[in-house]
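# Descriptive analysis of the structure
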Amino acid sequence: MATAAEYGHNSWELSVQVDQREGDEGMKFKLRVKGDLHVGGLMLKLVEKIKAPQDWSDHAIWWEKRSCWLLKTHWTLDKYGVQADADLRYTPQHKPLCIQLPNMKTIRLPVSFSCVVFKAVAEICKALNIRRSEELSLLKLPDDQKKKKKKDKGPESVFDEILNMDMNPVTACQPNLPQEELAKLFKPLTMEDKAAINAGWLDSSRSLMEQGIQENDRLLLRFKYHCFFDLNPKYDAVRITQLYEQARWAILLEEIDCTEEEMLMFASLQYHICKLTLSTEPLTNSNEPEIDEVEAALSNLESTLEGRNADKILEDITDIPKLEDTLKLFRPKRLTLKPYKEYWFVPRDTTISYYKNKEPANKEPIEQLHLRGCEVIPDVNVTEKKFGLKLLMPAADGMNEVYIRCDNETQYAKWKAACILASKGKTMAYSSYRTEVKNIQSFLQMKSLAPPPGQAAPDVESMEMKAECFVSPRYARKYKTKQLTTRILEALHNISQLSLMEAKMRFIQAWQSLPEFGIKYYIVRFRGSKKDELLGISYNRLIRIDMSTGLLVTTWRFSNIKQWNVNWEIKQVTIEFDQSVSIAFSCQSCDCKVVHEYIGGYIFLSTRSKDQNETLDEELFHKLTGGQD
């Protein structure tokens, strides 16, 4: 028997729980160890004592009390701080995890619970054949929403079924649900609900176990960062399908606002995609054109952060499009109902000047609108021939609001494209201007619900599926089945010639064109303020929103950020922008690490380029997004 001195200073008993393969009962061992024993030696002692013939190479030591893995096997117990009261687990690093994909199908996959979530997501995406794993992450639903979903869905919901990979769940679309089933699913109707969901993103720089995730827990795999780089139908069949599904469910569950006209456009695309998916012709990549106008246009929708890469600055400036027009302008002011007035508009660089008429071109304009950093919001109804733009321009006291009305689709497409480029600090000299115009015209054509002249009224009996399945509950309640069927079939004429992959890409493009696309909301309190406000985080900007009215207060572009940091003691994020603008806020609806990672993540993604050969600088990602506890 060891003496007291030996027991106290030289060695002690250490308790280790050993988890075996799934289904096998665990074992508990007590080992006499010294503080200078390294972790690898402890594992060797365990395996020798267990005497069980199995592969232990995936096992590692987990310290429950400290919630950490002892992965540095050359470290000693003393260096880790392990003492006699430490209950350790020798457990597999890879454990089964139930993952709900963007198409709402749930699969069970073995996932590393010991590596950081950034790497775990890369493992998952590799198994699913999804490129650009850095755009995705894992989301944990709030506990109150889990209870609501469980209560509402009932015991036999299609979402409860857990599929095996051999059932090919990643390329398939989830069938459209009957309207009564769709209505049961949770819809985040308030900003507070959305903020609660967005708080659930896992920390990319910590492991699953460190964040309290247990084996067979259910997590959501979603596209977290809405900047889809290098989308290519030839290589990204799974990625495009999952993107389409995430967009589709966001629209059906009213997680993003869209107009009635847009909802019917989305419905017609869904119906067309469903018909092609159910057709007898198998989908192969060879059926898709390698390069066409759709792919070329969509490649320019890659949401990179403008102004960051030098190679994007030197674009073709040899043929600058000329744009001058008579447009209608309205600047809303309190206690006034003045109508739109006509002016002569001339764009220059990142500004737009307007004059009383065309003649005094050399005179001073009535006003010059500075569009860099502004919000360009469409105000369009194609059916009613309404083609307007709402411009929200940053000002010292908030945002200046201006409405511009165009006469027709062509005029609208040109001016909207010019405004979008100017808001990003670009001019019409950029070659992407013409592509942007084509994208807008294509989008307007899809939104046109009126059948071509001379076309017979659609046969409502020809629609093999219930029309209500393709719209959100709010619009399903508004129309009778026959009315809804007619409107969806009328909209179908614009997209009926699209292939399956083209239709999905068009759906994604239309989703990206919505004003609220990609904005994640968090409840924060700005420094010096006594009330909570909303912070919207998009792929290229931060948005301050009044919580009581939902109105936009101001925006800040990522491209203007000089530096940012977090005071981890008081949980406050501080960001410095160009022109001596500085903001600071504390997070009320989540840990500030969630917001910090979102901002750093988008800035990291802006560094990607096609010549990187899909390799990522993981160290840079963690440098930009990692924090301290």
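Residues numbered from 1 in each chain as written. Predicted model: local features only at pLDDT ≥ 70, side-chain atom pairs only at ≥ 80, totals over all residues. Heavy atoms only, no water.

Taking an unreviewed UniProt entry as the reference, the protein is identified by name as Fermitin family member 1 belonging to Cyprinus carpio.

### A closer look at the overall build of the protein
Selection criterion: Counting from the N terminus, the helices are the DSSP runs of H or I reaching at least four residues and the strands are the DSSP runs of E reaching at least two. Computed with a 1.4 Å probe, the accessible areas rest on the Shrake-Rupley method; for each residue, only the protein chains presented here act as cover.
Counting its secondary structure elements, the protein contains 17 helices and 24 strands. For the protein, the exposed area adds up to about 30,600 Å²; of that, 49% sits on carbon and sulfur atoms.

### With respect to the sheet that holds strand E9 (residues 162-163)
Stated formally: Two strands qualify as a pair provided that DSSP identifies no fewer than 2 bridges between them. When checking whether two residues touch, look at their non-hydrogen atoms; a contact exists if any pair is within 4.5 Å. As a rule, the C-alpha atoms of each element are fitted with a line to give its axis, helices using only the stretch in contact, and angles between N-to-C directions run from 0 to 180 degrees.
On the basis of which strands lie adjacent, the open sheet formed by five strands has the order E8-E10-E6-E7-E9 and mixed pairing. Two strands bound the open sheet, and with one partner strand each, they are strand E8 (136-139) and E9. Relative to strand E10 (residues 218-223), E8 runs antiparallel, the two sharing four bridges. Its bridge partner lying in E10, Leu139 is registered against Leu220. In the packing of helix H4 (residues 117-128) onto the sheet, contacts are made with strand E6 (94-100), strand E7 (106-112), E8 and E10, and the angle to E7 comes to roughly 130°.

### What about the pattern of salt bridges?
Applicable threshold: For salt bridges, the criterion is a side-chain nitrogen of Lys or Arg within 4 Å of an Asp or Glu carboxyl oxygen. Burial classes follow relative accessibility: with a 1.4 Å probe on protein chains only, a residue under 20% of its type's maximum area counts as buried, one over 50% as exposed, and anything between as partly exposed.
Enumeration according to the criterion identifies 32 salt bridges in this entry. Note that Arg89 and Glu64 form a salt bridge whose closest N and O atoms lie 3.6 Å from each other. Of this pair, Arg89 sits in strand E5 (residues 87-92) while Glu64 sits in the loop between strand E3 (59-63) and strand E4 (68-70), and the two are 25 residues apart along the sequence. Residue class for Glu64 comes out partly exposed when judged on its relative accessible area of 43%. For Glu262, the salt bridge identified is with Lys447, shortest N-O distance 3.3 Å. In this pair, Glu262 is assigned in helix H9 (residues 260-278) and Lys447 in helix H12 (residues 432-447), connecting sequence segments 185 residues apart.

### Section: the environment of Ile583
Its location among the elements puts Ile583 in strand E24 (residues 582-587). For Ile583, a relative accessible area of 8% gives the class buried. Ile583 sits ten residues away from Val573 along the chain, and the two C-alpha atoms are 8.3 Å apart. In this structure Ile583 touches Phe526, Arg527, Leu542, Trp556, Val573, Thr574, Ile575 and Phe577, once residues within four positions along its chain are discounted.

### Considering empty space enclosed by the protein
To find leftover empty space, a probe the size of one water molecule is rolled over the atoms. Let me state the cut-off plainly: A 1.4 Å probe that fits but cannot get out identifies a cavity on a 1 Å grid over protein atoms alone, an open set with protein on both sides within 12 Å along at least five of seven lines counts as a pocket, and a residue lines either if it has an atom within 4 Å of a point. Grid points are joined across faces, edges and corners, and a volume is the space filled by probe spheres set on the points.
Evaluated as defined, the whole model comprises six cavities of 30 Å³ or more. Lining the largest cavity are Val117, Phe118, Val121, Ala122, Ser133, Glu134, Leu136, Ser137, Ser204, Tyr225 and Phe621. Those elements giving two or more residues to the lining of the largest cavity turn out to be H4 and E8. Ranked by residue count, the leading element in the lining of the largest cavity is H4, at four residues.

### Some points on the packing of H12 against helix H15 (residues 500-512)
Heads up, the rule is: Throughout this description, any angle smaller than 35 degrees is read as roughly parallel, any larger than 145 degrees as roughly antiparallel, any in the 65 to 115 degree range as roughly perpendicular, and the remainder as oblique. Under the convention adopted here, Pro, Cys and the residues Ala, Val, Leu, Ile, Met, Phe, Trp and Tyr are nonpolar, Asp, Glu, Lys and Arg are charged, and Gly plus all remaining residues are polar.
For the pair H12 and H15, interaxial distance at closest approach is 11 Å and the crossing angle is 105°. When the axes of H12 and H15 are compared, the pair comes out roughly perpendicular. Where H12 abuts H15, its residues Asn439, Ser442, Phe443 and Met446 lie against Arg506, Gln509 and Ala510. Per-class residue counts for the contact of H12 with H15 are three nonpolar, three polar and one charged.

### Remarks on the nonpolar core
Quick reminder of the rule: Buried Ala, Val, Leu, Ile, Met, Phe, Trp, Tyr and Cys residues that are joined via side-chain atoms within 4.5 Å together make up what is termed a nonpolar core.
Counting residues in hydrophobic clusters, the biggest one holds 76 residues, and the most contacted among them are Ile99, Leu128, Leu138, Leu208, Leu221, Ile488 and Trp511. A total of nine residues in this core trace back to one element, the largest contributor, which is H9. Ile197, Ile561, Ile583 and Tyr598 belong to the second-largest nonpolar core, a separate cluster that totals 39 residues.

### Things to note about the pairing of strand E12 (residues 341-348)
Looking along a regular strand, one sees side chains alternate from face to face of the sheet. Pairing between strand E11 (residues 325-330) and E12: five bridges, direction antiparallel. By the bridge assignment for E12, Leu329 is matched with Lys341. In terms of strand pairing, E12 meets strand E13 (residues 351-355) through five bridges, oriented antiparallel. Within E13, the position partnered with Arg348 by the bridge is Thr351. Linking E12 back to E13 in an antiparallel pair, the connection comprises two residues, with Asp349 at a positive phi of about 55°.

### Description of the side chain of Ser442
Relative to the helices and strands, Ser442 is located in helix H12. Assessed through its relative accessible area of 15%, Ser442 is described here as buried. With residues up to four places along the chain from it excluded, the contact list for Ser442 reads Arg506 and Gln509.

### So, helix H16 (residues 592-605)
So the rule is basically this: By this rule, a helix spans an expected 1.5 Å times one less than how many residues it contains. Here a polar contact means two N or O atoms within 3.5 Å. Within protein one must be a hydrogen donor candidate and the other an acceptor candidate, and residues neighboring in sequence count only if both atoms are side-chain atoms.
Taking 1.5 Å of rise per residue, 14 residues should cover 20 Å, and H16 covers 20 Å from first to last C-alpha, within 8% of that figure. Of all the 14 residues making up H16, 14 are buried; the element is thus mostly covered by neighbouring parts of the structure. N-cap assignment for H16: the residue whose side-chain oxygen lies 2.8 Å from the backbone N of Lys593 is Asp591.

### Observations concerning helix H14 (residues 481-492)
For H14, built from twelve residues, the straight-helix expectation of 16 Å at 1.5 Å per residue is met to within 8% by its first-to-last C-alpha distance of 16 Å. By the burial criterion, the buried members of H14 are Leu484, Thr485, Ile488, Leu489, Glu490, Ala491 and Leu492. Contact partners of the buried residues in H14: H9.

### Details of the sheet that holds E5
One open sheet accounts for five strands, arranged E2-E1-E5-E3-E4; its pairing is mixed. Since the sheet does not close on itself, it has two edges, and those belong to strand E2 (27-33) and E4, each with one partner. Between one strand axis and the next, the sheet turns by 35° as a mean value, whatever way the strands run. In terms of strand pairing, E3 meets E4 through three bridges, oriented antiparallel. Looking at the pairing, Trp63 lines up with Cys68 of E4.

### Remarks on the packing of aromatic side chains
Just so we agree on the cut-off: A pair of Phe, Tyr and Trp rings is counted when the ring centres sit within 6.5 Å of each other, with Trp represented by its six-membered ring. The angle between the planes then sorts it: under 30 degrees is stacked, over 60 is edge-to-face, the rest tilted. Here, a charge over a ring is recorded when the distance from Lys NZ or Arg CZ to the ring centre is within 6 Å and its angle to the ring normal is within 35 degrees.
Taken as a whole, this structure holds 26 aromatic pairs when the rule is applied. Taking the centre distance of 5.1 Å and the plane angle of 85° together, the rings of Tyr225 and Tyr602 count as edge-to-face. You can see Tyr225 sitting in the loop between E10 and helix H8 (237-252) and its partner Tyr602 sitting in helix H16, a full 377 residues away along the chain. Across the pair, exposure class does not vary: Tyr225 and Tyr602 are buried alike. Plain terms: the ring middles of Tyr244 and Phe507 are 4.9 Å apart, the flat faces sit at 85° to each other, and that makes the pair edge-to-face. With Tyr244 in helix H8 and Phe507 in helix H15, this residue pair connects regions lying 263 residues apart in the sequence. The exposure classification of Tyr244 matches that of Phe507, with both residues buried. A network of ring pairs unites the aromatic residues Tyr225, Tyr522, Phe558, Tyr598 and Tyr602 as a single cluster. The positively charged end of Arg544 is found above the aromatic ring belonging to Phe526, 3.9 Å away from the centroid.

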